[in-house]
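Coordinate inspection notes
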Amino acid sequence: MARLSLIVMLISLVITMASAQSQEDGSNQVGWAKRVDTGKEVVTNLHFYFHDTVSGKNPSAVRVAQANETTNSLTLFGALLMADDPLTEGPDPSSKLVGRARGLYGSAAQTELGLIMVMSYCFTEGIYNGSSFSILGLNPAINPVREMSIVGGTGLFRLARGYAIAQTYWLDPTTGDAIVGYNVTVATYI
Ligand SMILES: *[C@@H]1O[C@H](CO)[C@@H](O)[C@H](O)[C@H]1NC(C)=O
Ligand SMILES: *[C@@H]1O[C@H](CO)[C@@H](O)[C@H](O)[C@H]1NC(C)=O
Ligand SMILES: *[C@@H]1O[C@H](CO)[C@@H](O)[C@H](O)[C@H]1NC(C)=O
C-alpha cells in the first residue's frame, strides 16, 4: 500500500514537471514574442567629470523656461535648463573628452535645491563610442555626495540599470558653474 502511494506520488510529480515544461515551451512559441535565457550580467564602473557652465559667453547649460514665481524663489523653483555638458577623464576641463551629458535639468524642489535630471550621458571614447545611458533622478546639488538612478541605455549600455554617485569637485558659488565627479555602476548583459 505504501509502495503504491509512493508510485502515485512519483507519477503526479512527473506530470506536474511535464506540464510546467510545456507551459514554458508554449510561451516561447508564440509568433510575436520569444523568451530566451540571456546569460551573463556585466557590471561596468565608470569614473568621469561633468562640467556644467552656466555663466560666460559660451555656457554649456542655458535656461530655456521658468515660472513667474521662479524669480522670487530661493531655490529657483520652476527654472528649466537645457545642457550639453562635456564629460572628461579628469577634473581639468582640458583633460581627455570622453563624452557629453545632454538633456534637461530643472529646479524641482521649493525648500531646498533639488534638480531633476533627465539626461543622456553619451560617450565617444574607445569601445564606448556611440553608447549612452540615461539618468533620471533628483540631484540635491548642495549635498556633497548624491545618488541618481540609471534607467536605461544604448549600445554597450543596452538594458542598463544602475546608479551614479555624484560629488562636487569644484563650484563657483557666484555663477553656479560646477565640476562634478561621477562614479557610476551600470549592470547590463553580455
Ligand atoms: C506672469 O507674469 C506676467 C507679467 O507680470 C503676467 O502677465 C502673467 O499673467 C503671469 N502669468 C501667470 C501664469 O501668473
Ligand atoms: C566615434 O564614432 C564616430 C562615428 O562612428 C566617429 O566619427 C568618431 O571618430 C569616433 N570617435 C572616436 C574618438 O573614436
Ligand atoms: C569614486 O571613486 C573613487 C575611485 O574608486 C574613490 O576614490 C572615491 O572615493 C569615489 N567617490 C565617491 C563619492 O564614492
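What you see is a predicted model, and the numbers here were worked out from it, not measured in a lab. (Residues numbered from 1 in each chain as written. Chains lettered and ligands numbered in written order. Predicted model: local features only at pLDDT ≥ 70, side-chain atom pairs only at ≥ 80, totals over all residues. Heavy atoms only, no water.)

Time to look at the overall build of the chain. Along the backbone of the chain there are one helix and nine strands. Counting helices and strands in the order they occur from the N terminus, the chain gives α-β-β-β-β-β-β-β-β-β. Each of the 190 residues in the chain was classed as buried or not, and the buried ones make up 31%. Looking at the chain alone, contacts between residues at least 24 apart form 48% of all its contacts between residues at least 6 apart. As presented, the chain carries roughly 12100 Å² of accessible surface, and 60% of it is formed by carbon and sulfur atoms. (Helix = DSSP H or I, 4+ residues; strand = E, 2+ residues; numbered from the N terminus. Buried < 20%, exposed > 50% of the residue type's maximum accessible area, 1.4 Å probe, protein only. Contact = heavy atoms within 4.5 Å. Areas by Shrake-Rupley, 256 points an atom, 1.4 Å probe, with all protein chains shown as cover.)

As a further point, take the side chain of Ser-60. One can find Ser-60 in the loop between strand 1 (41-52) and strand 2 (61-65). Engagement of the side chain of Ser-60 in a polar contact is seen with the side chain of Asp-85, the distance being 2.6 Å. (Polar contact = N/O pair within 3.5 Å; in protein donor to acceptor, adjacent residues only side chain to side chain.)

Moving on, we come to the pattern of salt bridges. Enumeration according to the criterion identifies four salt bridges in this entry. Residue Arg-161 pairs with Glu-41 through a salt bridge whose shortest N-O separation is 2.6 Å. Here Arg-161, found in strand 8 (residues 161-171), pairs with Glu-41, found in strand 1; they are 120 residues apart in sequence, far enough to count as distant. A relative accessible area of 44% means that Glu-41 is categorised as partly exposed. A salt bridge links Glu-125 to Lys-96, with the shortest nitrogen-to-oxygen separation between them at 3.6 Å. Of this pair, Glu-125 sits in the loop between strand 5 (115-123) and strand 6 (132-139) while Lys-96 sits in the loop between strand 3 (80-88) and strand 4 (97-107), and the two are 29 residues apart along the sequence. Of the residues examined, Lys-96 reaches a relative accessible area of 42% and is grouped as partly exposed. (Salt bridge = Lys/Arg side-chain N within 4 Å of Asp/Glu carboxyl O.)

We now examine the packing of aromatic side chains. Taken as a whole and assessed by the stated rule, the structure comprises twelve aromatic pairs. On the numbers, 6.2 Å between centres and 45° between planes, the contact of Phe-48 with Tyr-121 is tilted. Here Phe-48, found in strand 1, pairs with Tyr-121, found in strand 5; they are 73 residues apart in sequence, far enough to count as distant. Of the two residues examined, Phe-48 and Tyr-121, each falls in the buried class. (Phe/Tyr/Trp six-rings, centres within 6.5 Å; stacked < 30°, edge-to-face > 60°.)

Per-residue confidence for the chain gives a mean pLDDT of 90; residues scoring 70 or more make up 85%. Of the regions scoring below 50 in pLDDT, residues 18-22 engages in zero contacts with residues more than four places distant in sequence or in other chains. (pLDDT = per-residue confidence, 0-100.)

To continue, consider the environment of Ile-190. With respect to the helices, strands and loops of the structure, Ile-190 is situated in the segment after strand 9 (178-189). Ignoring anything within four residues of it in the chain, the contact list for Ile-190 reads Lys-40 and Val-42.

Below, the discussion takes up the side chain of Asn-139. Along the chain, the position of Asn-139 falls in strand 6. Ignoring anything within four residues of it in the chain, the contact list for Asn-139 reads Leu-113, Gly-114, Leu-115, Met-117, Arg-146 and Met-148.

Positive phi, close to 55°, is recorded for Leu-76, a residue that is not glycine. Turning to its location among the elements, Leu-76 is positioned in the loop between strand 2 and strand 3. On the basis of relative accessibility, which here comes to 37%, the residue Leu-76 falls in the partly exposed class. We note that Leu-159 has phi near 65°; this positive angle belongs to a residue other than glycine. Counting through the fold element by element, Leu-159 comes out in the loop between strand 7 (145-154) and strand 8.

Side chains of Ile-116, Val-118, Leu-136, Leu-138 and Val-151 sit close together on the surface and give an oily, nonpolar patch of about 400 Å² of accessible area. Of all the secondary structure elements, the ones that give two or more residues to the nonpolar patch are strand 5 and strand 6. Tracing the chain through its elements places Leu-136 in strand 6. On the accessibility criterion, Leu-136 (42% relative accessible area) is partly exposed. (Patch = residues over 30% accessible without salt bridge, like charges linked within 9 Å, V, L, I, M, F, W, Y side chains within 5 Å.)

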